[in-house]
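Inside the fold
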Amino acid sequence: MYFKKIAFAVIFLSAAAFSLAQTKTTVKSPNKNIELNFWLNDKGAPMYSVSYKSREVLLPSAMGFELKQTMSNEALPALKDNLVVTSSTQTSSNTKWKPVWGDVKEISDNYSQLKVSLSQKGDKAISFNIIFKVFDDGVGFRYEFPEQKNLAHFIVSEEKTEFHLAGDHKAFWIPGDFDSNEFNPNVTKLSEVNGEDPKYAANIFAHQFFDKDAVQTPLMLKTNDGLYINIHEAALVNYPAMNLHIDKSNFNLSSVLVPDALGNKAYLQAPAKTPWRTIIISDKATDMLASHTILNLNDPSVIKDPSWIKPTKYVGVWWEMHVGKATWDYAGSQNATSFDAAGLKPTGKHGANTANVKRYIDFAAKHGFAGVLVEGWNTGWEDWFGQYKENVFDFVTPYPDFDVKGLHKYAASKNVKLIMHHETSASVTNYERQMDTAYRFMKANGYDAVKTGYVGHIIPRGEHHDGQWMVNHYVRVAQKTASYKIMLDAHEPVRPTGLSRTYPNWLACEAARGMEFNAWSEGNRPNHDVILPFTRFMGGPMDYTPGIFQLDLSYWDKNKKETIHTTLAKQLALYVTICSPLQMAADLPESYEKKMDAFQFIKDVAVDWDDSKYLEAEPGEYITVARKAKGSNNWFVGAITNENSRNADVNLDFLDAGKKYTAIIYADAADADYQKNPAAYIISKQVVDSKSVLNLKLAPGGGCAVSIMPVK
Ligand code: NOJ
Ligand code: CA
């Protein structure tokens, strides 16, 4: 066992039912920078506050619940005041663990813990616990409902957790939608958040806003005096996701759980526990990117032998459908009306035909990509979009021009793995019925990775993508795919909360606005990629699908006015700034064949890492990161910027002293510009060592990618 357990317990308070009103219990992080206080106020309401280096991060904030009986729907006495503390225990723990994959090879899990047990008074009293863990870079807390006489199965009608911020901070936010996270992120003061304003909420997949003053997590904040605060959650299992409602009069944020089809929030059975609520804090933006607190709050891997889990770079029959060169459906143009809404004009050519798939397999084999994704291989795509029909897909019936057996053989002969696509069209009960059959079909035909998708309203019951019912579904898929030794990439799921630690076969999720939006919408803004690492990626890796080389989309369709909103060099740098064990080279083989010199970086770059150095960062502005490939001495640097040009001086002091390396620098050309001249790049080579400093020049909307490999 690798664990080095240095945990010890200091139990300083434990007595039968006594009140702690007004007495604060203080817990400090191991390095003493973060201080958490917990107390009951004079109404017996549980309160907490958080400070960082003596600066207020969270002012006194309330906690608790409103509950109902499951059968009668009758309210139970609320767990938010009239409480007593029955015990309070402080412990600490300092261990290390090794992730199956990730940005570093070893993670330290070092925290001080406070566990408080609370109870109502009287015969019908319900009791619950609050557990706080205080790390050097943040706080996590969760509620537990122990097994007890007065609480069996019950409904959470509201969670009453508050995060009372100390001011009108700058916020990096997306609207509090219950179904989609595919928005361009907005940067405004908290007081200016407005999820109904079209300029903040453009998203063709947005379903409904229940609260214009609510935002999704991970919510990234910056205070006027330069403190970075991130609010999210960890280990979201059997519970709905949490949005945050902003009280603009005092900047008190309160939890808004995503409801089910009836408006209830969660159905629980004691013993039960909620996800952890997380507050990551630092005065350095780079520390936010380096935080492992959310992973630390998740349970260790349930997969004992993870040797079959392989971080993967892949290509696929995919972008050609998004740019309108090919179609998902066999009939070609039959489905034109549904795609027109998104700006796609099918040309009548089915992408997933055997000859085309072989072309991608050949390309993958030639250039060292392990996987080939194929979308549109199974029947149903004539009917799938916007029609809310059940049972459109069965996941085992290919179109007549897709030779499952022949392609299995062909891919195997080239040492390439096909990646299966399961678009559920949000007919989730149908998918649950078919899962075993579908995964057996995959294994029988050589597939060991699946990309799932949940486009549309969840049918049949009108659940929300981010509600408890769907949260349980996504976890069930992770568990079931693991039992078949299948790796998972979920599109349109709830945003991740670090569950890839527990289910490391769950390589990536989309759960944000991916590259696809550049193909058929107004596109992703140039600051998108310098915000995502501070928001969406806090919970886990994204299948963003970078690597677009044909940046001018009118090449595919004269009517397309959109461009990709980055330079080509930035497309390369994204392979380093986005940390994911699953990365697609998303463009078509013919786009890469025209620019093989730049494509070399995508061939070389790793997807799993021994170490990561977050060199400089500012949310919405820039990020420069260096990563060391797993089990190798190769380093890769990615630097990206928003719409502004910039210079990044990269000190290579992380290299082994005395060793010589060849640095290949893939940079924006002097006249590059994401709007006017996105494809202009220059590649240069130099010998470097740990004393070298690289001066990288980034164009507006640009970036720079560098590979640094030992001189042979
Ligand atoms: C949306 C997914 O994000 C995208 O990758 C996929 O191609 C389409 N749905 C079709 O399933
Ligand atoms: Ca999507």
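Residues numbered from 1 in each chain as written. Chains lettered and ligands numbered in written order. Predicted model: local features only at pLDDT ≥ 70, side-chain atom pairs only at ≥ 80, totals over all residues. Heavy atoms only, no water.

This paragraph deals with the overall build of the chain. The helix and strand inventory of the chain stands at 13 helices and 37 strands. For a compact globule of 712 residues, the expected C-alpha radius of gyration is about 27 Å, and the chain comes in at 25 Å, within 12% of that figure. With the principal axes as the frame, the chain shows a C-alpha extent of 75 × 60 × 50 Å. Counting the 712 residues in the chain, one finds 64% classified as buried. Put simply, of all contacts in the chain between residues at least 6 apart along the chain, 71% involve residues at least 24 apart. Approximately 25,200 Å² of the chain is accessible, and the part contributed by carbon and sulfur atoms is 50%. (Helix = DSSP H or I, 4+ residues; strand = E, 2+ residues; numbered from the N terminus. Rg over C-alpha atoms; globule rule 2.2 N^0.38 Å. Buried < 20%, exposed > 50% of the residue type's maximum accessible area, 1.4 Å probe, protein only. Contact = heavy atoms within 4.5 Å. Areas by Shrake-Rupley, 256 points an atom, 1.4 Å probe, with all protein chains shown as cover.)

Our next topic: the coordination of the calcium ion (ligand 2). Taken together, the protein donors to the calcium ion (ligand 2) comprise Glu182 (OE), Glu492 (OE), Glu510 (OE), Glu510 (OE) and Glu516 (OE), at separations of 2.3 to 2.6 Å. For the calcium ion (ligand 2), the 6 donor atoms in the first shell make angles of 53 to 160 degrees at the metal, a pattern classed as irregular. Considered as a linear motif, the donors of the calcium ion (ligand 2) on their single chain read E-x309-E-x17-E-x5-E. Taken together, the positions of glutamate 492 in the loop between strand E27 (487-490) and strand E28 (506-509) and glutamate 516 in helix H10 (residues 516-520) put the pair 24 residues apart, joining distant regions of the chain. Of the residues examined, glutamate 492 reaches a relative accessible area of 12% and is grouped as buried. For glutamate 516, a relative accessible area of 9% corresponds to the buried category. (Donors = N, O, S within 2.8 Å, 3.2 Å for Na, K, Ca; no water. Tetrahedral: all angles 85-135°; square planar, octahedral: opposite > 155°, others 65-115°.)

Within this model, the largest pocket holds a volume of roughly 910 Å³. Lining the largest pocket are 44 residues, with Trp97, Pro99, Trp101, Ile107 and Leu295 sitting closest to its centre. When residues of the lining of the largest pocket are sorted by domain, at least three fall in each of domain 1 (2-296) and domain 2 (313-567 + 577-601). Put simply, the second largest pocket is a space of about 480 Å³. Lining the second largest pocket are 26 residues, and of these Ser108, Asp137, Ala290, Ser291 and His292 lie nearest its centre. Going through the elements one at a time, strand E8 (107-119), strand E22 (276-282), helix H2 (285-290), helix H3 (293-296) and strand E30 (609-618) are the ones with two or more residues in the lining of the second largest pocket. Looking at the lining of the second largest pocket residue by residue, the class counts come to 7 nonpolar, 10 polar and 9 charged. (1 Å grid on protein atoms, 1.4 Å probe; cavity = no way out; pocket = protein on both sides within 12 Å on 5 of 7 lines; lining within 4 Å. Points joined across faces, edges and corners; volume = space filled by probe spheres on them. Domains from an automatic or database assignment. Nonpolar A, V, L, I, M, F, W, Y, C, P; charged D, E, K, R; others polar.)

Attention now goes to the domain arrangement of the chain. On domain assignment, one finds that the chain holds domain 1 (2-296) and domain 2 (313-567 + 577-601). With centres defined by C-alpha atoms, the gap from domain 1 to domain 2 works out at 33 Å. Interface area for domain 1 against domain 2, summed over the two sides, is near 4,300 Å², with a carbon-plus-sulfur share of 59%. Counting across the domain 1 and domain 2 interface gives 1 salt bridge. Here domain 1 and domain 2 share 24 residue pairs in polar contact (both at pLDDT 80 or more) between them. When contributions to the side of domain 1 that touches domain 2 are tallied by element, the ones reaching two or more residues are strand E14 (186-189), strand E17 (228-234), strand E18 (242-247), strand E20 (266-269), H2 and H3. The leading source of residues in the side of domain 1 that touches domain 2 is E17, at 4 residues. The residue makeup of the side of domain 1 that touches domain 2, split by class, is 34 nonpolar, 14 polar and 8 charged. (Buried area = accessible area lost by both parts, 1.4 Å probe. Salt bridge = Lys/Arg side-chain N within 4 Å of Asp/Glu carboxyl O. Polar contact = N/O pair within 3.5 Å; in protein donor to acceptor, adjacent residues only side chain to side chain.)

Remark: helix H6 (residues 354-367) packs on helix H7 (residues 404-413), axes separated minimally by 10 Å, with the N-to-C direction vectors making an angle of 15 degrees. Accordingly, the angle class assigned to the pair H6 and H7 is roughly parallel. For the crossing formed where H6 meets H7, the hand is right-handed. Together, Thr354, Val357, Lys358, Ile361 and Asp362 of H6 and Leu407, Tyr410 and Ala411 of H7 make up the contact between the two elements. Along the lines of polarity and charge, the residues of the contact of H6 with H7 split into 5 nonpolar, 1 polar and 2 charged. (Axes fitted to C-alpha atoms, helices over the stretch in contact; angles between N-to-C directions. Parallel < 35°, antiparallel > 145°, perpendicular 65-115°, else oblique. Left-handed = near helix turned anticlockwise from the far one by under 90°.)

Mapping threonine 293 onto the fold places it in helix H3. On the basis of relative accessibility, which here comes to 2%, the residue threonine 293 falls in the buried class. Here the side chain of threonine 293 touches aspartate 137 through a polar contact of 2.5 Å, side chain to side chain. Those residues in contact with threonine 293 that sit more than four places away from it in its chain are Phe135, Asp137 and Ile280.

Below, the discussion takes up the pairing of E8. Counting buried residues along E8, 10 of its 13 residues qualify, which places the element largely inside the surrounding structure. Pairing of strand E7 (residues 84-97) with E8 involves 13 bridges; the strand directions are antiparallel. When the bridges of E8 are listed, serine 93 appears paired with tyrosine 111. (Pairing = 2+ DSSP bridges.)

With that settled, consider the environment of serine 554. Relative to the helices and strands, serine 554 is located in the loop between H10 and helix H11 (568-577). Taking relative accessible area as the criterion, serine 554 reaches 28% and is therefore assigned partly exposed. Taking C-alpha positions, serine 554 is 25 Å from leucine 373, a pair spaced 181 residues apart along the chain. Separated by 2.8 Å, the side chains of serine 554 and aspartate 552 make a polar contact.

The next thing to look at is the sheet that holds strand E15 (residues 214-215). As summarised here, the arrangement of the 8 strands in space is E2-E3-E4-E5-E12-E19-E18-E15, forming an open sheet in which the pairing is antiparallel. The open sheet has two edge strands, strand E2 (25-28) and E15, and neither has a second partner. Examined bridge by bridge, E2 and strand E3 (residues 34-40) share 4 bridges and lie antiparallel to one another. Bridged to lysine 28 within E3 is glutamate 35.

Across all of its chains, the model carries 6 cavities of 30 Å³ or more by this definition. In this structure, the second largest cavity encloses a volume near 170 Å³. In terms of lining, the second largest cavity is formed by 17 residues, of which the most central are Ile174, Asn181, Pro218, Thr535 and Arg536. Split into classes, the residues belonging to the lining of the second largest cavity amount to 9 nonpolar, 5 polar and 3 charged. Here the lining of the second largest cavity gathers at least three residues from each of two domains, domain 1 (2-296) and domain 2 (313-567 + 577-601).

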